[in-house]
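As a plain string of letters, each chain reads:
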Amino acid sequence: MGRGKKQLDWSCACEGNGRCLGAAFWSPRSRSLAYAAVRKLKVTAKGPGIEESVTVASVQAPAGRVCRGGTVRIGAQEQAAGALTIQENLVGALRARDAAGNRAALKLAPPAGVRLAREPTAAVTAGDLELGAPGIRLEEDDRTLLRCYYHARRERKVRLQVKDLHFSYGSVPALEGVTFKVNAGEMLGIVGPNGSGKSTLLRCLARILKPRTGTVYLDGRNLRTLRGLEVGRCLGYVPPPGARAAFSATVLETVLQGRRPYLIWGVERRDLEVVTQALGYLGLTELAERLLGELSSGQQQKVFIARALAQEPEVLLLDEPTATLDIRYQLEVMALIRRLATEKGRVVVAVLHDLNLAGRFADRLLLLHQGKIFAAGTAKVVLTPENLRAVYGVEAVVTEGPWGVQVTAVAPAAGLRAVEGAAVCAAGRG
Amino acid sequence: MGLFPKMSGTLPEASFAAIRAAYSRHVSRKVLFLIVLLCLTVAVMVASTAMGVAGISVGDVGRVILSHLGVGILPENDLAETVVWQIRLPRILLATITGMSLAGAGAVMQGVLRNPLVSPYTMGLSSGAAFGAAVAIVLGTGLVGGNYVDVSRWLIVTNAFFFGSLTTLLAFSLARFKGMAPETLVLGGVAISYLFQAGVSLLKYVSNNEALKELVVWLMGGFWGADWQTLALLTPVVLLCMAGLCLCAWDLNVLGAGEEVAASLGIKVVRLRVYTLTLATLAASATVAFTGIIGFVCLVGPHICRMLVGNDHRFLIPCSCLMGAVLLLLADTLARTIIAPTEIPVGIITALMGSPFFVYLLIKKKRQWWG
Amino acid sequence: MRKHVGLAVLLSLVLVVLLTAGCASNQKAAIPAEKIAIMDSLGRTVEVPSPPQRIVSVNSDVSEVICALGAADKIVGVSDTADFPPLLKDKAKVGQAFTPSVEKILELKPDVVFGYGKFLKSELAQKIEAAGIPLVYLDCYKPATMGQDVRTLGKILGKEKEAEEYAAFFEKYLTQIKERTKNLKPEEKVRVYLEGYTDYSTVAAGSGGAEMLALAGGVNIAEGEKTSYPKVTPEWVVAQNPQVIIKAASSQVSHGYGATDEGMKKLREQIMSRPGWQQIRAVKEGRVYVISSEIYTGPRAPVGVAYFAKWLYPKLFADLDPEAMHRELLSRFHGLEATGTWVYPSE
């Protein structure tokens, strides 16, 4: 079985400090990097019809300082590097079924010394694994192995802390008493109706606006104490799409702008390395010499994200990154920034106007209403019909599906002026 | 701890090489253009020295220059010495310095105010300087003539410089209330411009014939006052200002991404604006005080360079300086030789020369150099 | 880019070749005579070689007087606009009066340069003097100082006798006019509207035209204006109701030496037909005159003054013949026939 086997290349995510963290999957087709952060672990299947845990897949990196690749053990067979066949798919994941068609829970058995912080709900990246063990078939789901493992690996650590932020435009208050925390490796989604202060909050975090009162702490350090170009090394800001530049530049020049916090006059090798990696991460390498104005808005948005990445920031701040993108780019960009968060414990804060994307990709959500935090927590907690009625003024249906929390707005809330079309539609559905 | 690990292994070597090659191409083209432009400037300077109304042979010209550099002896034709050393050379050097200052300031202001239609004159410099000169010429002369000719000349220069800088300062103060927004700076400059223009017109009206003629000639711009003293004063000012501006090249590049992005990258936008605009205005004001108002070079020189070299300010600023120098040198040489001995005002020649070339570039070059 | 480099090099080579082909003039300056110190119109004391062998004069009026004094052959350079006397047209040109070409002047190797009073760009003046050439400012167009300027010029040129003759010639007429108009009572004085080269631009204190009018004994209706060349409105002129209107013809209208009276005639008709001006006394009585700029200001201004006097007080100056005066001036001092129109109408 397996739908089209592809060879995977390997590379190492070793930090060069003698502690090899594992192998990285590189998918040639989607040109994306997926890191497995753990050195060695196994994916086992357990369920009806299976007497004992069966090793489904494991990742083992060879010991030593420099990791040149790894092997995947499937079942009892060890396949050599490069021979793993996985059909890549960013948003696929796996479930196991046995021969009888029963769901088999995939259980992760981390190696000794690795603590699982929470029970993983599903399993490996993408596609069908060719199995050695008979009778086990893997299906798709949509959580990534990465995240589970990452959660297993690290302790929850608060990286970004916002205390009591107040901001007003002139005399009009825009933010009042905003307080929240973001942990390492988390993606925080800020949602709310228009004018609730989402962009303002983001700009306060990015040190574009100066809040009246309140402090922002990054790793315990007050952001205001960052001087000059240090700000650029810590905060990467991606502006909302739609602004036109006064003068045109190529993609390469644009991404190089992100290196400003590290540049003095000339461009060093390290700068070009980072730029290459940023471009590669976003799949823009061929477009390096094209003019920005010639690209589609989806590609332009990716260039801006690449620029922010080139800063190698600790915190990535995105303002409505998917606002003008089509559904494919939306998925790509959201999955990308999701991955950015989990790798290396970065913090990603994104203002999202699309509640479904927020529900699907964000770890935690912040619902703003008139400059104050109305609700905070996971998508399940925040995106409830009551909250949506109170904040947005709509009657909405919230479902939890394989792709996270989905919100469908049905009609404006009672007490508001009815919109004709909506009423008819609602009536039609019965 | 970087976001990306150090490169090793097979993965992105190929793309790294591609990117590095792309970057080198990007840079080397511009460096080459810069060198070509430098050679062109020197060539035009040399050629201009040998051209003029007084028919002096090239050999004599060369001998004069070499003798002043310490090599060789003066030619017997002492007219050559006076003409070349006292009249032509200072004039050519002044044209070069003025071109550098105007075009360099223009390029920087366009980048900082993110507006392709801006020039050093936009913030009121031209009207202010004109007003200062008018005050000096119309109200200041008539005191004494003769021996005090020198005083009246410095009076014009200092007045023009003072009022030219004053207008910019006023525009700054106006814009301060709006956080130095580019729109406010430009509009404030325009408003102040009109005010001082009115002043100039009034002074023109009440002046007598001689003062009027002198004022009109000053306003048209020209290199009458070129001598070594002027150059000794202007050259260090202009060169230092241009060097100071070149230091901000990367910040100006980043500013092109937008103010918000620039701020989040750690650039103090307001401070950058004040710094660059001050230096640019200082350089432009200094040259305008001596030469009068020569238009066009400061607006079009940078744009021609943008079309040929792109928007990377590390190369754009030096290129604009050189392009401005070349344009102005050519214009001046044409102005004083075409219908010799009558001299056409330089500003007319710069407009006549530059405009068609600019139109040609607009049509031919596909690369959009704004937005 | 390579071909741009090549182009620049080629251009430079071409320029070099062209210049070597040209020849450098290498005139030797004649040895000047001893120097004398004179005071010029701006009150400066300047040391000038006397007599100078090579003269550059950017002041057209000074050039005219030099020709009148018989030293025309010494002139080697004049300004672009010098056209009287006609022999000046063949002389080398050095550019405009206010901004002459210093290079050209230096190339001509003059012993002295004559300029207008305040009408020479100071930086250029500095350059000329720095090259060791004395610069003398002589007006030669203001009636009040004319005599003095002519005599100074005579002293410099070593033509004192001719200068005296020239000065005496017109001083005679001027004193005559002054004498006769001295005793005029205020109510007898004629009120005049004197218009300059631009429409509705009249003259007031400080200008040459007003001076001439005063010499001729007329009353300028714009006397009290603050600026020297005030701009007035047609209604104001109608309200003032002058008795005589005099218009100075600019170079846009053909006039002067060798011209017909067509242009000036049209100009007069145009003025008289200005809307509302039929009520003006001067127009009703037909006392509208057009005068050429050649005799309006400049060395021949006294002729203009004579014409003014004749027009203002025809009875008082019945015996004055400005035309004859002009003819004599032209033939005696310039050896020219008086062919041309300088006033209209010329009875």
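Residues numbered from 1 in each chain as written. Chains lettered and ligands numbered in written order. Predicted model: local features only at pLDDT ≥ 70, side-chain atom pairs only at ≥ 80, totals over all residues.

Caption draft 1: Main features of the overall build of chain A. Scanning chain A from terminus to terminus reveals eleven helices and 22 strands. Residues classed as buried in chain A amount to 46% of the 430 residues present. Of all intrachain contacts in chain A linking residues separated by at least 6 positions in sequence, the fraction that spans at least 24 positions is 65%. (Helix = DSSP H or I, 4+ residues; strand = E, 2+ residues; numbered from the N terminus. Buried ≥ 20, exposed ≤ 12 C-beta atoms within 10 Å, placed from the backbone. Contact = placed C-beta atoms within 7 Å.)

Caption draft 2: Local environment of the overall build of chain C. Across its full length, chain C carries twelve helices and 14 strands. Projected onto its principal axes, the C-alpha positions of chain C cover 75 × 60 × 40 Å. Of the contacts made within chain C by residues no fewer than 6 positions apart, 59% connect residues no fewer than 24 positions apart.

Caption draft 3: How the structure looks around the packing of helix α4 (residues 125-140) of chain B against helix α6 (residues 182-206) of chain B. All names here are of chain B. One way to put it is that α4 packs onto α6 with a least axis distance of 8 Å and a crossing angle of 25 degrees. Relative to α6, the element α4 lies roughly parallel. Our pair here, α4 against α6, has a crossing hand that is left-handed. Between α4 and α6, the residues in contact are Ser127, Gly128, Ala130, Phe131, Ala134, Val135 and Val138 and Ser193, Phe196, Gln197, Gly199, Val200, Leu203, Lys204 and Val206, respectively. Of the residues assigned to the contact of α4 with α6, the class counts are nine nonpolar, five polar and one charged. (Axes fitted to C-alpha atoms, helices over the stretch in contact; angles between N-to-C directions. Parallel < 35°, antiparallel > 145°, perpendicular 65-115°, else oblique. Left-handed = near helix turned anticlockwise from the far one by under 90°. Nonpolar A, V, L, I, M, F, W, Y, C, P; charged D, E, K, R; others polar.)

Caption draft 4: Representation of the sheet that holds strand β12 (residues 172-183) of chain A within the structure. Strand order across the open sheet formed by four strands is β12-β11-β14-β15 (chain A), with antiparallel pairing between neighbours. Every other strand in the sheet has two partners, leaving β12 and β15 (221-222) of chain A as the edge strands with one partner each. (Pairing = 2+ DSSP bridges.)

Caption draft 5: Structural context of the packing of helix α2 (residues 58-68) of chain B against helix α3 (residues 78-112) of chain B. Residues and elements named next belong to chain B. Between α2 and α3, whose axes approach to 9 Å, the crossing angle comes to 70 degrees. Classified by the angle between their axes, α2 and α3 sit roughly perpendicular to one another. For the pair α2 and α3, the crossing hand works out as right-handed. Residues Asp60, Val61, Val64 and His68 of α2 pack against Ala80, Glu81, Val84 and Trp85 of α3.

Caption draft 6: Just the domain arrangement of chain C, in detail. Residues and elements named next belong to chain C. When its domains are assigned, chain C resolves into domain 1 (35-158) and domain 2 (181-344). Here domain 1 and domain 2 have C-alpha centroids that lie 29 Å from each other. Domain 1 puts 13 residues into the contact, and the matching count from domain 2 is 15 residues. Elements supplying a minimum of two residues to the side of domain 1 that touches domain 2: α2 (60-68) and α5 (143-157). If you tally residues by element for the side of domain 1 that touches domain 2, the top one is α2, at five residues. When grouped by side-chain class, the residues that make up the side of domain 1 that touches domain 2 number ten nonpolar, no polar and three charged. (Domains from an automatic or database assignment.)

Caption draft 7: The pairing of strand β19 (residues 364-369) of chain A, seen in detail. Residues and elements named next belong to chain A. The pairing of strand β13 (residues 187-191) with β19 spans four bridges and is parallel. Paired with isoleucine 190 across the two strands is leucine 366, which belongs to β19. Pairing of β19 with strand β20 (residues 372-377) involves five bridges; the strand directions are antiparallel. Looking at the pairing, leucine 368 lines up with isoleucine 373 of β20. Two successive antiparallel strands, β19 and β20, enclose a turn made up of two residues, where glutamine 370 displays a positive phi of approximately 55 degrees.

Caption draft 8: A look at the nonpolar core. Formed by 302 residues in total, the largest nonpolar core has its most connected members in Leu317, Ile337 and Val349 of chain A. Here this core takes 19 residues from α3 of chain B, the largest share from any one element. Once you skip the residues sitting within four places of it in the chain, leucine 317 of chain A turns out to touch Leu202, Leu205, Ala206, Leu235, Gly236, Tyr237, Val238 and Val349 of chain A. (Core = buried A, V, L, I, M, F, W, Y, C linked by C-beta atoms within 7 Å.)

Caption draft 9: Up close: the confidence of the model for chain C. Per-residue confidence for chain C gives a mean pLDDT of 82, with 90% of residues at or over 70. Complex prediction metrics read pTM 0.74 and ipTM 0.81. (pLDDT = per-residue confidence, 0-100.)

Caption draft 10: Examining helix α4 (residues 122-130) of chain C more closely. Every buried residue belonging to α4 of chain C is among Ser122, Glu123, Leu124, Lys127 and Ile128 of chain C, and all of these are buried. In the stretch just after α4 of chain C, glycine 132 of chain C is the one whose phi turns positive, near 90 degrees.

Caption draft 11: How the structure looks around the environment of leucine 125 of chain B. Residues and elements named next belong to chain B. Along the polypeptide, leucine 125 turns up in helix α4. Using a count of 30 C-beta atoms within 10 Å as the deciding quantity, one classes leucine 125 as buried. Taking the C-alpha atoms as reference points, leucine 125 and threonine 167, separated by 42 residues in sequence, lie 6.2 Å from one another. Residue contacts for leucine 125: discarding those within four places in its chain leaves Pro120, Gly164, Thr167, Thr168, Thr281, Ala284, Ser285 and Val288.

Caption draft 12: Here's a closer look at the pairing of strand β12 (residues 288-292) of chain C. Residue and element names in this part refer to chain C. The buried fraction of β12 is high, at five of five residues. Side chains Val288, Val290 and Ser292 of β12 all project onto a buried face; the interleaved residues Tyr289 and Ile291 project onto the opposite face, where all are buried too. Alignment of strand β10 (residues 244-249) against β12, held across five bridges, turns out to be parallel. Note that in β12 the partner of alanine 248 across the bridge is isoleucine 291.

Caption draft 13: Fine view of the sheet that holds strand β9 (residues 219-220) of chain C. Residues and elements named next belong to chain C. Spatial strand order, β9-β8-β10-β12-β14: five strands in an open sheet with mixed pairing. Across the chains shown, the open sheet's two edge strands, defined by having one partner strand only, are β9 and β14 (343-344). Relative to strand β8 (residues 191-195), helix α7 (residues 208-215) is tilted by about 155 degrees, and along the sheet it contacts β8, β9 and β10.

Caption draft 14: Structural view of unusual backbone geometry. Note that the residue after serine 50 of chain C, namely proline 51 of chain C, is joined by a cis bond; omega there is -5 degrees. Here proline 51 of chain C shows up in the loop between β2 (45-49) and β3 (55-57). Not every positive phi belongs to a glycine, and glutamine 370 of chain A is a case in point at roughly 55 degrees. Mapped onto the elements, glutamine 370 of chain A comes out in the loop between β19 and β20. Its identity as a non-glycine residue notwithstanding, phenylalanine 296 of chain B has a phi of 80 degrees, on the positive side. Counting through the fold element by element, phenylalanine 296 of chain B comes out in the loop between α11 (269-291) and α12 (297-309).

Caption draft 15: Highlighting the environment of leucine 174 of chain B. All names here are of chain B. Mapping leucine 174 onto the fold places it in helix α5 (residues 149-176). For leucine 174, a count of 16 C-beta atoms within 10 Å gives the class partly exposed. Linking leucine 174 and leucine 187, residues 13 residues apart in sequence, is a C-alpha distance of 9.6 Å.

Caption draft 16: How the structure looks around the confidence of the model for chain A. Residue and element names in this part refer to chain A. Summarising the model, chain A shows a mean pLDDT of 67, and 58% of its residues fall at 70 or more. This model gives residues 1-41 a pLDDT under 50, and the stretch forms 119 contacts once residues within four places in sequence are excluded. Note on residues 418-430: pLDDT is under 50 here. Beyond four places in sequence and across chains, it has eight contacts.

Caption draft 17: Focus on the environment of leucine 282 of chain B. Residue and element names in this part refer to chain B. For leucine 282, the position within the fold is in helix α11. The buried category is assigned to leucine 282, around which 21 C-beta atoms lie within 10 Å. Taking the C-alpha atoms as reference points, leucine 282 and glycine 52, 230 residues apart in sequence, are found 32 Å from one another.

Caption draft 18: Main features of α2 of chain C. All names here are of chain C. Of all nine residues in α2, nine are buried; the element is thus mostly enclosed. Inspection of α2 places Ser60, Asp61, Val62, Ser63, Glu64, Val65, Ile66, Cys67 and Ala68 among the buried residues, and these make up the whole buried set. Next to the buried residues of α2 lie β3, β4 (75-78), β6 (112-115), α5, α6 (160-182) and α12 (322-334). Where α2 terminates, the next one or two residues include glycine 70, which has phi positive at roughly 85 degrees.

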